[in-house]
Amino acid sequence: MQGISLDFVGLKPFIQDYELKLMESSVFAAHDMLERKTGAGRNMLGWMELPSRISEEEINKIKACASKINKQADVFIVVGIGGSYLGSKAVIDLFTDTFNNLQKESERKHPQILFAGNNLSGKYLRNLIEYIQDKEVAINVISKSGTTIEPAVAFRILKLFLEEKYGVAGAAERIYVTTDSSKGVLKKISDANDYETFVIPDDVGGRYSVLTPVGLLPMAVAGIDFEDILDGAMFAAHVYNQRNIEHNECYKYAAYRNILQKKGKEIEILASYEPSFQYFIEWFKQLFGESEGKNLKGIFPAGVNFTTDLHSMGQFIQDGKRNIFETVINIKLNKSFIKLPKIACDEDGLNYLADKEIDYINKQAFLGTLQAHVSGEVPNIVINLDELNTYNIGQLIMFFEKACAISGYISGVNPFDQPGVEAYKKNMMDLLKMNDSINNL
Ligand code: PA5
């Protein structure tokens, strides 16, 4: 069942029908490159088949480990950066209770899930170690390359913490590794210590890896029905594979993005009216930013959480430089069922909204903002989700991955590499090594 539909009405004042038609050949060429595996990065297309090629054995292994982790840990720490954590964080935030991490251990249905290895902050790591001192802990260290410094630093500290607390053998029972099948230091450490290991397939890059054990194991620990996410993604992989620009909304979205960019709309803001989408937006930013931003090209991906950010970024979006378009995620049916109560004195003057669902008020904010932004020359694309459930999020993940690949090919870049990320790493390493040799003089 298709739980996603796109509404392009907010593009009408900005794009003529013929302009979409003109994009058809580029979209078809991009589609053919993906299907025939003839484009740049052709050996990194495994993400398209992930939902259908995952084996029963792997699903069972993920479930078994998740259940073991649930028994052994109060706190489960996911150690990874970029594509090695954003997808799982996004999905976990969407489908766990907003205040889950603040609940008492006895009230929680699954371990508290924390993230590390996504920064180089000493404060963050010191506070984390202090926090987990008296807790039962398990960790999942995730790195495709197995050499990324942020997770490597956090892993060394957490590994020592676990070994001091549980002994080397006990720690080994609590360390789960997700990495390449053969390459990288992490793989070597994992083999040497006999850690439970999950493989990131060779043909899947970091930011396209949420539907591998990278994302699925943390989701399973959080009690999320990851098989339903895979089912949704599999359905979307089929629906969004039509070689058709009119009916394939994913291809239409990719085409419109490129048309908008040619009209000077260089920034895409992904907006949502649900705060729990914050990390989904972060995931989107990495996906499009690293895939398209190269060779001096790319649409800058940004994100906002409305209505919160209407009070910070709203002014700029409405009235600032006109180089923005917006893509808005709209949940059609919200099920939070909380109404504004009526009070006799009406001291705050809100009785005109009494008995209205908070989600209804939120919806009017969405509709009002949409109108205002379109009038303010911000083209809007709306992605409607019938409701927020795992199946639809599986579809949305595949929708964006496919759109990103098509859009990247249309703009003439390789959407599957990230050469620019190396520049800071090289400088940082040079500085660390240079400072080290000075200190050793
Ligand atoms: O998309 C990518 O490949 C990157 O952004 C990676 O996800 C990120 O750099 C983390 O890399 P690794 O998993 O190798 O530690």
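Just above, that's the structure.
Treat the numbers as computed from the prediction; the structure is a model and nothing was measured.

**Student:** When you look at the sheet that holds strand 3 (residues 112-116) in this model, what are you seeing that I'm missing?
**Tutor:** Sheets are built from strands paired through backbone hydrogen bonds, the pairs being either parallel or antiparallel. Reading across from one edge, 3-2-4-5-6 is the order of the 5 strands in this open sheet, with parallel pairing throughout. Here the strands that pair on one side only, and so sit at the sheet edges, are strand 3 and strand 6 (196-199). Mean inter-strand twist for the sheet, computed between neighbouring axes without regard to direction, equals 20°. Across 5 bridges, the pairing between strand 4 (residues 137-143) and strand 5 (residues 175-179) is parallel. When the sheet's bridge partners are listed, Val141 is paired in strand 5 with Val177. Helix 8 (residues 185-193) contacts strand 4, strand 5 and strand 6 of the sheet and is inclined by roughly 140° relative to strand 5.

**Student:** How should empty space enclosed by the protein be read in this particular structure?
**Tutor:** Take a probe with the size of a water molecule and roll it over the atoms, and the empty space left behind shows itself. Counted by the stated rule, this structure contains 1 cavity of 30 Å³ or more. Volume-wise, the largest cavity comes out at about 100 Å³. Around the largest cavity sit Ser272, Tyr273, Glu274, Ile329, Asn330, Ile331, Asn334, Asp359, Asn362, Lys363 and Phe366, which together line it. Counting residues per element, the ones that place at least two in the lining of the largest cavity are strand 9 (324-333) and helix 14 (358-375). Looking at side-chain class alone, the lining of the largest cavity contains 4 nonpolar, 4 polar and 3 charged residues.

**Student:** When you look at the packing of aromatic side chains in this model, what are you seeing that I'm missing?
**Tutor:** How two aromatic rings sit relative to each other is given by the distance of their centres and the angle of their planes. This structure, assessed with the given rule, holds 21 aromatic pairs. With 6.1 Å between their ring centres and 50° between their planes, Phe280 and Phe400 make a pair best called tilted. Residue Phe280 is found in helix 12 (residues 278-292), and its partner Phe400 is found in helix 15 (residues 390-410); the two are separated by 120 residues along the sequence. Neither residue differs from the other here; Phe280 and Phe400 are each classed as buried. The ring centre of Tyr279 lies 4.7 Å from the NZ or CZ of Lys89, which sits over that ring. Between the NZ or CZ atom of Lys135 and the centre of the ring of Tyr131, over which it lies, the distance is 4.4 Å.

**Student:** Whenever I open this one, the pattern of salt bridges confuses me. Can you help?
**Tutor:** For side chains bearing opposite charge, pairing can occur when the charged atoms are close. Within the structure shown, the criterion is met by 25 salt bridges. With its nearest N and O atoms 2.9 Å apart, the salt bridge here joins Glu173 to Lys68. With Glu173 in the loop between helix 7 (149-172) and strand 5 and Lys68 in helix 4 (residues 56-72), this pair connects stretches of sequence that are 105 residues apart. A relative accessible area of 32% means that Lys68 is categorised as partly exposed. Residues Asp417 and Lys294 are paired through a salt bridge, measuring 2.8 Å at the closest nitrogen-oxygen approach. Linking Asp417 in the loop between helix 15 and helix 16 (421-439) with Lys294 in the loop between helix 12 and strand 8 (300-305), this pair joins segments that are 123 residues apart in sequence. Judged by its relative accessible area of 26%, Asp417 is partly exposed. By sharing partners, the salt bridges in this structure join Lys37, Glu49, Arg53 and Asp203 into a single network.

**Student:** Teacher, can you tell me more about the site of the ligand here?
**Tutor:** Around the ligand lies a shell of 13 residues, among which Ser84, Ser143, Thr148, Gln286 and Glu290 are the nearest. Within the side chain of Thr148, a nitrogen or oxygen atom sits 2.5 Å from an oxygen atom of the ligand. Put simply, the ligand lies in the second largest pocket. Considered class by class, the residues forming the shell around the ligand number 1 nonpolar, 9 polar and 3 charged.

**Student:** It is not clear to me how the sheet that holds strand 1 (residues 4-7) should be interpreted in this structure. Could you clarify?
**Tutor:** Spatial strand order, 1-10-9-7-8: 5 strands in an open sheet with mixed pairing. Two strands bound the open sheet, and with one partner strand each, they are strand 1 and strand 8. Geometrically, the sheet is characterised by an average inter-axis angle of 20° between neighbouring strands, direction not taken into account. For strand 9 and strand 10 (residues 380-387), the ladder comprises 7 bridges, and the chain directions are parallel. The partner of Ile331 across the bridge, within strand 10, is Leu385. On top of the sheet, helix 12 reaches strand 7 (267-272), strand 8 and strand 9; it is set at about 175° to strand 8, its chief contact.

Definitions and limits used
Along each chain, numbering runs from 1 in the same order as the chain's sequence is written. With pLDDT at 70 or above as the cut-off, local features in this predicted model cover only qualifying residues; side-chain atom pairs require 80 or more to be listed or tallied, and sums for whole chains, interfaces and linings still use all residues. Water and hydrogen atoms play no part in the side-chain values, which are based on all heavy atoms of the structure. In this scheme, strands are said to pair when DSSP sees at least two bridges between them. The secondary structure listing takes helices from DSSP runs of H or I that are at least 4 residues long and strands from runs of E that are at least 2 residues long, numbered from the N terminus. Angles run from 0 to 180 degrees between N-to-C directions of axes, and those axes are lines fitted to C-alpha atoms, restricted for helices to the stretch in contact. Throughout, a residue-residue contact means that at least one pair of heavy atoms, one from each residue, lies within 4.5 Å. Grid points spaced at 1 Å and placed over the protein atoms alone form the basis of the search, with a cavity being a set where a 1.4 Å probe fits but cannot get out and a pocket an open set showing protein on both sides within 12 Å along at least five of seven lines. Lining residues have an atom within 4 Å of a point. Grid points are joined across faces, edges and corners, and a volume is the space filled by probe spheres set on the points. Side-chain classes are defined by residue name, with Ala, Val, Leu, Ile, Met, Phe, Trp, Tyr, Cys and Pro counting as nonpolar, Asp, Glu, Lys and Arg as charged, and the others, Gly among them, as polar. In this scheme Phe, Tyr and Trp rings, the latter by its six-membered ring, pair at centre separations within 6.5 Å, and the angle between planes marks the pair as stacked below 30 degrees, edge-to-face above 60, and tilted otherwise. Here's how the labels work: a residue is buried when its accessible area is under 20% of the maximum for its type, exposed when over 50%, partly exposed in between, all with a 1.4 Å probe on protein chains only. In our convention, an over-ring charge means Lys NZ or Arg CZ found within 6 Å of a ring centre and within 35 degrees of that ring's normal. Take a side-chain nitrogen of Lys or Arg and a carboxyl oxygen of Asp or Glu: if they are within 4 Å of each other, that pair is a salt bridge. Throughout, near means a residue has at least one heavy atom within 4 Å of the molecule or strand. Pairing of N or O atoms within 3.5 Å defines a polar contact, subject to two protein rules: one partner must be a possible hydrogen donor and the other a possible acceptor, and residues neighboring in sequence count only if both atoms are side-chain atoms. Whether a molecule sits in a cavity or pocket is decided by its atoms, more than half of which must lie within 2 Å of the grid points.

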